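# Residue-level structural notes
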Amino acid sequence: MEIKLRELRERKNLSMRETAKLFGIPYTTYIGYEKGYREPKFETLIAIADFYDVSLDYLFESDERS
């Protein structure tokens, strides 16, 4: 999910700090989501998907091809 979060955030020209503030979470927590070493709670995932107007499936899609 880390790739999708960064991509979506950058499309809106937001910094990681601005994004964390928008979601009401600590900056370091958001960094963990984007870098892939923390997993958001389900409620946070829904808020992220709603904010970026994407599906939950989209957040978890991999860009890698097998």
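Residues numbered from 1 in each chain as written. Predicted model: local features only at pLDDT ≥ 70, side-chain atom pairs only at ≥ 80, totals over all residues. Heavy atoms only, no water.

## Here we look at the environment of Lys4
The test is simple: Helix and strand assignments come from DSSP, with helices taken as H or I runs of at least 4 residues and strands as E runs of at least 2, each series counted from the N terminus.
As for its placement among the helices and strands, Lys4 is situated in helix α1 (residues 2-11). For the pair Lys4 and Tyr58, spaced 54 residues apart in the sequence, the C-alpha separation amounts to 7.9 Å.

## A word on the nonpolar core
Just so we agree on the cut-off: For our purposes a nonpolar core is just a set of buried Ala, Val, Leu, Ile, Met, Phe, Trp, Tyr and Cys residues, chained together by side-chain atoms within 4.5 Å. Relative accessibility under 20% of the residue-type maximum defines a buried residue, over 50% an exposed one, and the middle range a partly exposed one, all with a 1.4 Å probe and only protein chains included. What makes two residues a contact is simply this: any of their non-hydrogen atoms within 4.5 Å.
Grouped together as the largest cluster of nonpolar side chains are 16 residues, with contacts concentrated most on Leu5, Ile25, Tyr30, Ile48, Tyr52 and Leu59. If you list the elements that add at least two residues to this core, you get α1, α2 (16-23), α3 (27-35), α4 (42-52) and α5 (56-60). Here this core takes 4 residues from α4, the largest share from any one element. Those residues in contact with Tyr52, other than ones at most four positions away along the chain, are Leu8, Arg9, Lys12, Leu14, Thr19 and Phe23.

## Quick word on the packing of α2 against α3
Note the following rule: Fitted lines through C-alpha atoms serve as axes, helices being fitted only where they are in contact, and the angles separating the N-to-C directions of these axes extend from 0 to 180 degrees. In what follows, roughly perpendicular refers to angles from 65 to 115 degrees, roughly parallel to angles under 35, roughly antiparallel to angles over 145, and oblique to any angle outside these ranges. Residues are grouped as follows: Ala, Val, Leu, Ile, Met, Phe, Trp, Tyr, Cys and Pro are nonpolar; Asp, Glu, Lys and Arg are charged; every other residue, Gly included, is polar.
Running from N to C, α2 and α3 point in directions that differ by 110°, and their axes come no closer than 9 Å. The orientation of α2 relative to α3 falls into the category roughly perpendicular. Here Met16, Arg17, Thr19 and Ala20 of α2 come into contact with α3, specifically with Tyr27, Tyr30, Ile31 and Glu34. The residue makeup of the contact of α2 with α3, split by class, is 5 nonpolar, 1 polar and 2 charged.

## What to know about the pattern of salt bridges
Our working rule: By convention in these notes, a salt bridge is any Lys or Arg side-chain nitrogen within 4 Å of a carboxyl oxygen on Asp or Glu.
Within this structure, the stated rule accounts for 3 salt bridges. When the shortest N-O distance is used, the salt bridge between Glu10 and Arg6 registers 2.9 Å. In this pair, Glu10 and Arg6 both sit in helix α1, 4 residues apart, roughly one turn of the helix. We classify Glu10 as partly exposed; its relative accessible area is 41%. Linking Glu7 and Arg11 is a salt bridge whose minimum nitrogen-to-oxygen distance equals 2.4 Å. One end of the pair is Glu7 and the other is Arg11, both in helix α1 and 4 residues apart, which spans about a single turn. You can call Glu7 partly exposed: its relative accessible area is 23%.

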